[in-house]
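# Commentary on secondary and tertiary structure
Each chain, written out:
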Amino acid sequence: MTTATTNPNRTEFSNDLAALHMKPLWERVMRLKPGTAAVPVIWRWEQAQPRLMRAAELITTREAERRVLMLENPALKGTTFATTTLYAGLQVILPGEIARTHRHVPNALRFIIEGEGAYSAVEGERVMMKPGDFVTTPNWAWHDHGNVGSEPVVWLDGLDLAFPNLFGAHFREEYPQESQPVSHAQGEAGARYGANLLPADYRPQGHASPLLSYPYDRTRGALERLARNSEPHASHGFKLRYVNPATGGHAFPTMAVFMQWLPKGYSGRPYRSTDGAVYCVVEGRGSASIGEARFDFAPHDVFVVPSWEPHQFRADRDCVLFSYSDRAAQEALGFWREETQQ
Ligand code: GTQ
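I will try to describe carefully the structure that is included in this document. A quick note: this is a predicted structure, and the numbers were derived from the prediction, not measured.

### Quick look at the overall build of the chain
- Scanning the chain for helices and strands turns up 8 helices and 22 strands.
- Radius of gyration (C-alpha) of the chain: 22 Å, near the 20 Å computed for a compact globule of 342 residues.
- Along the first, second and third principal axes, the C-alpha atoms of the chain reach 75 × 50 × 50 Å.
- A fraction of 74% describes how many contacts in the chain between residues 6 or more apart in sequence connect residues 24 or more apart.
- Taken as a whole, the chain presents about 17,000 Å² of accessible surface, with 53% of it coming from carbon and sulfur.

The following block contains the structure:
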């Protein structure tokens, strides 16, 4: 390597090239190996929760449009992202508030953390949200949120912002009114797409799942039954993938979304994969060792497992973990890899 830069003719050549915005490949210092600059990080609920309530005192949803505390990876300062490809934010909405209607190219997911009585309206259908529910906002769908209940509601926002940003394809639009008119009955998407049935002549229109809501009671019930009657995976415990019922693929073209159950006493084998992930603890306590970091986790904590970082889980009691990652995009592009360690 040094010979390339200590040879005066080559140095002169490099300087000559630089003026023309060219560079010799043999002088490249950029690392070419798996993994990203993102680091493991945890945002603890006991610290986030009071600050969400403080945000609710300081600014209204009318002023903020979305009252969100973004979870920015400390190694990715200035990006607003939790991993190199994924955004994560905690959103709070108070009784009576509305987060006005807009649409954008990025796909969004909501994972409900605390409180009942809020809805997310997507293309004219109001989806009521309960803790543990996973709710989709497909690319370019009009969406607004409202709280018609009597308590604050908090959820985790996950967006695939880095993808449209990377491609220069990030458009957004404001709707003329604060709330969009209700044009579909509550539960209509569930009836069309969520009963292991599809409309007879249905052809998938978008790339994201048209099933707007994946309620927690069904997800939890499935995992609990599996945990009672079958053997866990060596690294993942019992892990299920949310499916786009119209295609059998991931819930989003970019983001893969999962829920997993770690039975009490479970100790997983170290594992790594090229998808970076954001986790949200739903139930239970345990620990996650991620690279050099070890996090003891509790309900509603959010943590990041960066790409290709070896990680393993331990469960002090039955644990339920929600997660989303960029695995869908990586699979679509043929990049995704995994490795289980002994
Ligand atoms: O609720 O539509 O955290 O557009 C960031 C951007 C939430 C939303 C975020 C958004 C939203």
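What follows continues from the structure just given.
### Focus on helix 7 (residues 216-229)
- In this model helix 7 runs 20 Å from its N-terminal to its C-terminal C-alpha over 14 residues, within 8% of the 20 Å that 1.5 Å per residue would give.
- All of the buried residues along helix 7 are Tyr216, Thr219, Gly221 and Leu223.
- Check the buried side of helix 7 and you find it contacts strand 12 (213-214), strand 13 (238-241), strand 14 (256-262), strand 16 (277-283) and strand 21 (319-325).

### Some words on the site of the ligand
- Contacts to the ligand come from Arg66, Val68, Tyr87, Gln91, His102, His104, Arg110, His143, His145 and Asp157.
- Within the side chain of Gln91, an N or O atom sits 3.2 Å from an oxygen atom of the ligand.
- His143 is positioned with one of its side-chain polar atoms (N or O) 2.8 Å from an oxygen atom of the ligand.
- For the ligand, whose free accessible area comes to 290 Å², the fraction covered by protein is 90%.
- A class-by-class count of the residues in the shell around the ligand yields 2 nonpolar, 5 polar and 3 charged.

### Describing the nonpolar core
- Phe134, Leu156, Val257, Met259, Phe322 and Tyr324 are the most contacted members of the largest nonpolar core, which has 54 residues in total.
- In terms of nonpolar packing, the next biggest core, distinct from the first, is built from 16 residues, Leu262, Tyr266, Phe313 and Ala315 among them.

### Things to note about the sheet that holds strand 14
- The strand order across the open sheet built from 6 strands is 1-19-16-21-14-13, with neighbouring strands paired in antiparallel fashion. The open sheet terminates on both sides in strands that have one partner only, identified here as strand 1 (41-43) and strand 13. Adjacent strand axes in the sheet meet at a mean angle of 25 degrees when their direction is disregarded.
- When strand 13 meets strand 14, the two strands line up antiparallel, connected through 4 bridges. Paired with Arg241 across the two strands is Phe258, which belongs to strand 14.
- Along the sheet, helix 7 makes contact with strand 13, strand 14, strand 16 and strand 21, crossing strand 14 at roughly 50 degrees.

### Considering the state of the cysteines
- Tallied over the entire structure, the rule returns 0 disulfides.
- Cys319 supplies the cysteine sulfur nearest to Cys280, a cysteine that is in no disulfide, at a spacing of 13 Å.

### Overview of the packing of aromatic side chains
- In the structure shown here, the tally under the stated rule is 13 aromatic pairs.
- With a centroid separation of 5.2 Å and an interplanar angle of 80 degrees, the aromatic rings of Tyr214 and Tyr242 are classed as edge-to-face. With Tyr214 in strand 12 and Tyr242 in the loop between strand 13 and strand 14, the pair connects residues that are 28 residues apart, well separated along the chain.
- Judged by centre distance (5.9 Å) and plane angle (20 degrees), the rings of Phe297 and Phe303 are stacked. For the residue pair Phe297 and Phe303, the accessibility class agrees, reading buried in each case.
- Grouping aromatic residues by their ring pairs yields a cluster made of Phe111, Phe134, Tyr214, Tyr242, Phe252 and Phe322.
- A cation sits over an aromatic face here: Arg126 above Tyr119, 4.1 Å from the ring centre.

### Brief notes about helix 3 (residues 45-58)
- For helix 3, with 14 residues, the first-to-last C-alpha span of 20 Å sits near the 20 Å given by 1.5 Å per residue.
- All of the buried residues in helix 3 are Trp45, Ala48, Leu52, Ala55 and Ala56. Buried residues along helix 3 cover an arc of 100 degrees about the axis, so they all sit on one side. Residues Glu46, Arg51, Glu57 and Leu58 are exposed on helix 3 and point more than 90 degrees away from its buried face.
- Buried residues along helix 3 sit against strand 1, strand 2 (68-70), strand 3 (87-93), strand 5 (108-114) and strand 10 (153-159).

Criteria and thresholds
Residues numbered from 1 in each chain as written. Predicted model: local features only at pLDDT ≥ 70, side-chain atom pairs only at ≥ 80, totals over all residues. Heavy atoms only, no water. Helix = DSSP H or I, 4+ residues; strand = E, 2+ residues; numbered from the N terminus. Rg over C-alpha atoms; globule rule 2.2 N^0.38 Å. Contact = heavy atoms within 4.5 Å. Areas by Shrake-Rupley, 256 points an atom, 1.4 Å probe, with all protein chains shown as cover. Expected span 1.5 Å × (residues − 1). Buried < 20%, exposed > 50% of the residue type's maximum accessible area, 1.4 Å probe, protein only. Near = heavy atom within 4 Å. Polar contact = N/O pair within 3.5 Å; in protein donor to acceptor, adjacent residues only side chain to side chain. Nonpolar A, V, L, I, M, F, W, Y, C, P; charged D, E, K, R; others polar. Core = buried A, V, L, I, M, F, W, Y, C linked by side-chain atoms within 4.5 Å. Pairing = 2+ DSSP bridges. Axes fitted to C-alpha atoms, helices over the stretch in contact; angles between N-to-C directions. Disulfide = S-S within 2.5 Å. Phe/Tyr/Trp six-rings, centres within 6.5 Å; stacked < 30°, edge-to-face > 60°. Lys NZ or Arg CZ within 6 Å of the ring centre and 35° of its normal. Arc of directions from axis to C-beta.

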